[in-house]
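# Chains, contacts and geometry: an overview
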Amino acid sequence: MSDPSHALEEAVAEFRRIFQRLEAEAGVRDQSRKHPHEFVRELADAGFGRLRVPIAQGGFGVDLPTLFRLLAEAGKADSNIPQILRGHFTAVEILRHADDPDIGDHWLRRIAEGAVFGNAQSETAGTSPDFGISTRVHEVDGRKVVSGTKFYSTGSLFADYIRVAVADDDGNRWFAVVPARHPGVTHAEDWDGIGQRLTGSGTTVFDRVPVEENGELGRFKENLRSLPAFVQLVHLANLAGIAHSLVDETVAVVRSRTRTSLHALSEQAAEDPEVLGVVGRLHTRALTVDSLLRTVAEGLETVDRDGSQQAYTANYIDVSAAQIAIVEAVLDAATIAFNAGGSSAVRESAHLDRHWRNARTLASHNPVIYKPRVIGAFVVNGVAPQSSYDRGRRSQEGRQQ
């Protein structure tokens, strides 16, 4: 019998070889808007998508701190990659806690074989205040099919299957698994964000797309309680990757400079005290981000074993606090990095601007503006933050009354 730990070591070595090639061309891809299709496929074939799949189903069964550390490495290479695969790893978490173990086993084994999942949850115009879902499951010739329109369908452009948030005729809300390349699926590459340009986060239209066999997941059950923290941690890991990329690329800029400023205390940028201070601050930001990410990832791993609502709530508060600090640290780093390079650092050929644009875009998801108040309400008054699970359950119960 093969040693699982040895197999993981070999896989991680291959991931890092792919990351090196990703990183070498990341700036050029961002500028040319070239999607990293081949890299997503290479990573899936190398086993990246099965990191959290249990060993019994053919995966590596890694813990959450390991997953987020490797996602941070992917984010350092190209921050589009963790966001593309965010829906995939979320699907794995849902499947690990599936109500029906046979359904979980079916899809986890497919993922272990290299299948990639995309995400289609968010809707735009016409969405009700209670985040109602207009995308519907209905029957055609006795088979369940999905029809509707989604925006922010990140990763679906690269996927084999898509996990679609749907509502049925009885008002029940759940996730339907549909084939990503069915003729009834239309991917519009209309994401026009200033950052994270290559994530395929645009509109996806579903026109009577059949639900896969074993394709009914997550009817707002208790086993979804880890997801609010989990999906935020994917973004935080990605931001950690950006922080480290900023350090490396700024160091490269400093070492390549052949002149310095009129008021500099050194003729060489690599010996300039102010410039070195900028790099020192960047390293400090990266270390801060790493420490916070590791702490909250370990916390969620512990909470998953505990399983109580109180534990999930406390961890979510910690993740929210980490979100505030990490967003502030990385956006600051992405701004001050330019101070180390002078006017040459703002040239498009330097590609340094993409880090601020990408970090700013990631920071705009699950808006950080609300988190200080959510944390304060819990710390002072014991008011637990509302979760997407509770919101969906109340919405569903309200329709059934």
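That block above? That's the structure.
Residues numbered from 1 in each chain as written. Predicted model: local features only at pLDDT ≥ 70, side-chain atom pairs only at ≥ 80, totals over all residues. Heavy atoms only, no water.

## Considerations on the packing of helix H5 (residues 86–96) against helix H7 (residues 227–256)
Remark: H5 packs on H7, axes separated minimally by 10 Å, with the N-to-C direction vectors making an angle of 150°. Classified by the interaxial angle, the pair formed by H5 and H7 is roughly antiparallel. With respect to the hand of their crossing, H5 and H7 are arranged in right-handed fashion. Contact residues: H5 offers Arg86, Phe89, Thr90, Glu93 and Ile94, while H7 offers Leu227, Phe230, Val231, Gln232, Val234 and His235. Considering only residue class, the contact of H5 with H7 consists of six nonpolar, three polar and two charged. (Axes fitted to C-alpha atoms, helices over the stretch in contact; angles between N-to-C directions. Helix = DSSP H or I, 4+ residues; strand = E, 2+ residues; numbered from the N terminus. Parallel < 35°, antiparallel > 145°, perpendicular 65-115°, else oblique. Left-handed = near helix turned anticlockwise from the far one by under 90°. Contact = heavy atoms within 4.5 Å. Nonpolar A, V, L, I, M, F, W, Y, C, P; charged D, E, K, R; others polar.)

## Some remarks on helix H10 (residues 353–363)
With eight of eleven residues buried, H10 is to be regarded as a mostly interior element. Of the residues making up H10, those classed as buried are Arg354, His355, Arg357, Asn358, Ala359, Thr361, Leu362 and Ala363. Residues of H10 that are buried sit in contact with helix H1 (4–32), helix H4 (80–84), H7 and helix H9 (309–336). (Buried < 20%, exposed > 50% of the residue type's maximum accessible area, 1.4 Å probe, protein only.)

## What about empty space enclosed by the protein?
One pass over the full model with this rule turns up three cavities of 30 Å³ or more. Estimated volume of the largest cavity: approximately 100 Å³. Lining the largest cavity are 14 residues, and of these Asp78, Ser79, Arg354, His355 and Asn358 lie nearest its centre. Those elements that provide at least two residues to the lining of the largest cavity are H1, helix H3 (64–77), H7 and H10. When grouped by side-chain class, the residues that make up the lining of the largest cavity number four nonpolar, six polar and four charged. Roughly 40 Å³ of internal volume is contained in the second largest cavity. The set of elements that each furnish at least two residues to the lining of the second largest cavity consists of strand S6 (185–188) and strand S7 (203–210). Broken down by class, the residue content of the lining of the second largest cavity amounts to two nonpolar, six polar and one charged. (1 Å grid on protein atoms, 1.4 Å probe; cavity = no way out; pocket = protein on both sides within 12 Å on 5 of 7 lines; lining within 4 Å. Points joined across faces, edges and corners; volume = space filled by probe spheres on them.)

## Topic: the pattern of salt bridges
Pairing of side chains with opposite charge becomes possible as their charged atoms draw close. According to the stated counting rule, one finds 22 salt bridges in the structure shown. With a shortest N-O distance of 2.8 Å, arginine 52 and glutamate 93 are connected by a salt bridge. With arginine 52 in the loop between helix H2 (37–46) and H3 and glutamate 93 in helix H5, this pair connects stretches of sequence that are 41 residues apart. Overall, arginine 52 belongs to the buried group, its relative accessible area being 3%. Overall, glutamate 93 belongs to the buried group, its relative accessible area being 1%. Arginine 305 serves as the salt-bridge partner of glutamate 301, at 3.6 Å between the closest nitrogen and oxygen. Taken together, the residues glutamate 301 and arginine 305, both in helix H8 (residues 273–306) and four residues apart, mark about one turn of the helix. When its relative accessible area of 18% is taken as the criterion, glutamate 301 is described as buried. (Salt bridge = Lys/Arg side-chain N within 4 Å of Asp/Glu carboxyl O.)

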